[in-house]
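This is what each chain is made of:
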Amino acid sequence: MTDKVHFSFALSPRMRSFIELRDALHCLEQAFNRQHASSWLHASCDLRASLLGDHGRKNAIPEVVGLFRDVKTYLQKLADDMPKYHDQILSSCDQIDLLIAQLKPGLPDACQYLTQDALINAYLNTQKKHDWLGHKLCMQQSIKALWSHAEMRTQPLHQALSPLTNAINSLNDMLNDFVGWEKCVATAGAGHITPARGKSYGLLVIALPAEAVAEGVVPDISGNKLAIRLRFQRWLPGQSASDFHEDMPYEMMLVPVGN
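Attention in this report is confined to the structure presented alongside it. Owing to the predicted nature of the structure, the values given are computational and were not obtained by experimental measurement. (Residues numbered from 1 in each chain as written. Predicted model: local features only at pLDDT ≥ 70, side-chain atom pairs only at ≥ 80, totals over all residues. Heavy atoms only, no water.)

Sheet faces and side chains relate simply in a regular strand, where the side chains alternate between the two faces. With seven bridges connecting them, strand β5 (residues 217-223) and strand β6 (residues 228-234) associate as antiparallel partners. Each bridged residue has a counterpart across the sheet, and for V217 the counterpart in β6 is R234. Between β5 and β6, which pair antiparallel and follow one another directly, the connecting turn spans four residues. (Pairing = 2+ DSSP bridges. Helix = DSSP H or I, 4+ residues; strand = E, 2+ residues; numbered from the N terminus.)

Inspection of the secondary structure assignment puts W147 in the loop between α7 (135-146) and α8 (150-176). In this structure W147 comes out as buried when scored by relative accessible area, which is 10%. It is 39 Å that separates the C-alpha atoms of W147 and I206, two residues lying 59 residues apart in sequence. Not counting residues within four places of it along the chain, the set of residues in contact with W147 comprises Q35, A37, W40, L119, R153 and T154. Engagement of the side chain of W147 in a polar contact is seen with the backbone oxygen of Q35, the distance being 3.4 Å. (Buried < 20%, exposed > 50% of the residue type's maximum accessible area, 1.4 Å probe, protein only. Contact = heavy atoms within 4.5 Å. Polar contact = N/O pair within 3.5 Å; in protein donor to acceptor, adjacent residues only side chain to side chain.)

A full pass over the atoms with the stated rule returns two aromatic pairs. Relative to Y250, the ring of F232 lies with its centre 5.7 Å away and its plane at 55 degrees, an arrangement referred to as tilted. Taken together, the residues span a long stretch of sequence, with F232 in strand β6 and Y250 in strand β8 (residues 248-255) at a distance of 18 residues. (Phe/Tyr/Trp six-rings, centres within 6.5 Å; stacked < 30°, edge-to-face > 60°.)

The next subject is unusual backbone geometry. Backbone geometry follows two general trends: most residues other than glycine have a negative phi, and most peptide bonds adopt the trans configuration. With a phi close to 50 degrees, Q35 is a non-glycine residue in the positive phi region. Examined against the element boundaries, Q35 turns out to sit in the loop between α1 (13-34) and α2 (37-52). The class of Q35 is partly exposed, set by a relative accessible area of 27%. Positive phi values are uncommon outside glycine, yet A188 reaches one of about 55 degrees. As for its position among the elements, A188 is in the loop between β2 (182-186) and β3 (190-193). Assessed through its relative accessible area of 38%, A188 is described here as partly exposed.

So, in structure tokens, the structure goes:
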């Protein structure tokens, strides 16, 4: 799909862990490419929470492995139901085993870096309510000088994360190509999505025209796995969120894995 913006909504804890990890890796990669110190530190702390299970999050890696296995189980059933494509589908299953294996090699080094790096730990301390040692006050004063050798500081973590990033990106592509898109219209900016009975879904993806998102239109969902309420809001600079009351065409996809 071209000129579309995708919004992912987790319908299960397992999928939520995956989305948090995916987005943390993406933000870290963007900050690395731009060598923006504060953004890189913030993304590193977010990634640390996913990989180590900090701040109320689950350790994301077992959840991601479970998600890969859900996809493999779904594909194996699909292969049995579609003899014509049996071999090609099973080949995709073999690829999943390779991706799971890729999750392991760099993780110990990445986790060690995230837990031991003094600058990341100091940045974490700035987020605490009671920053008794004044990390928040000295961070911006020192970060420019500390970042003078940015590539040397950031490269080891990104090398260690490379296999994990590849596996997560591959899984994300699989999930976004998993089933067909359904074209819908939210009348007066609101609508309902009723998932099929007897099926469990782990992910809802809403696709909007990029020009609508550029004008501040975003989706908001509520409800549960049996009935999902969708309404659109408009986020404009310096203003509170407001309901969007015009008809809004969108596309949606419910992914039947990761429940």
